[in-house]
Amino acid sequence: TAKTIHHWETILSDSDSWNYFIGSQEPPHNWNLQEFNISNWTSGNGGFGYGDDDDQTKVPTNTLSIYYQKEFVITDPTVLVDAFLSMDYDDGFVAYLNGVEIARANILGSPVPYNQPTITDHEAVLFSGGKPELFPIPSSTFSALIKTGVNRLSIQVNNVSESSSDLSGRTWLHVGVNNNKKYFNDN
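Residues numbered from 1 in each chain as written. Predicted model: local features only at pLDDT ≥ 70, side-chain atom pairs only at ≥ 80, totals over all residues. Heavy atoms only, no water.

This part is about the pattern of salt bridges. Summed over all chains, the structure comprises five salt bridges. Note that D14 is salt-bridged to R170, the shortest N-O span being 2.6 Å. Highlighted residues: D14 in the loop between β1 (7-12) and β2 (17-22) and R170 in strand β12 (residues 167-177), separated in sequence by 156 residues. The exposure class assigned to D14 is buried, which follows from its relative accessible area of 7%. (Salt bridge = Lys/Arg side-chain N within 4 Å of Asp/Glu carboxyl O. Helix = DSSP H or I, 4+ residues; strand = E, 2+ residues; numbered from the N terminus. Buried < 20%, exposed > 50% of the residue type's maximum accessible area, 1.4 Å probe, protein only.)

Leaving glycine out, the prevailing phi sign among residues is negative, and the prevailing peptide bond configuration is trans. Here G46 and G47 are connected by a cis peptide whose omega angle stands at -5°. Looking at the element boundaries, G47 is found in the loop between β3 (42-45) and β4 (48-50). The linkage connecting D90 with the following residue, D91, adopts the cis geometry, with an omega of 20°. Within the secondary structure layout, D91 lies in the loop between β7 (80-90) and β8 (92-97). In this model, N98 sits at a positive phi of 50°, which is unusual for a non-glycine residue. Within the secondary structure, N98 sits in the loop between β8 and β9 (100-105).

Right, here's the structure in full:
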């Protein structure tokens, strides 16, 4: 039987503290896996980038890529019916949940190299009053990936070129809950 959504909650918000790595070289091959130790990565509040004056964590001008990730705890995955990722990005990204790709836009490669330019220029829109893009995560995919305990969302944002005037990565993860209980703090 299909479960119905009682309400939506935001698990992760762009302004949360995330661990990040500036892509001046290729990160370890397992950077997006849950067991990867991110303790030596820098932490900072999202969004990440430069040039649009909306980034809480500014990265150096001419950055071609940035990687960021955050762990979150799920106490009961059976109450989560559906999920989607919200992204405001400049210029392209790929997102992973517990090491499995769940969304991407404007970028090629698998895995995407740290120095891979995006397909085209894509402007972030929040700083000018727009809304982030929504990327639905199929229910079957989400329920197969999410687990009781610690989970990890990992994002790689790449720029169109090193000479680009801006780079942005702002991320939210939302879930549909099948009952009237509140599981996550409002973000």
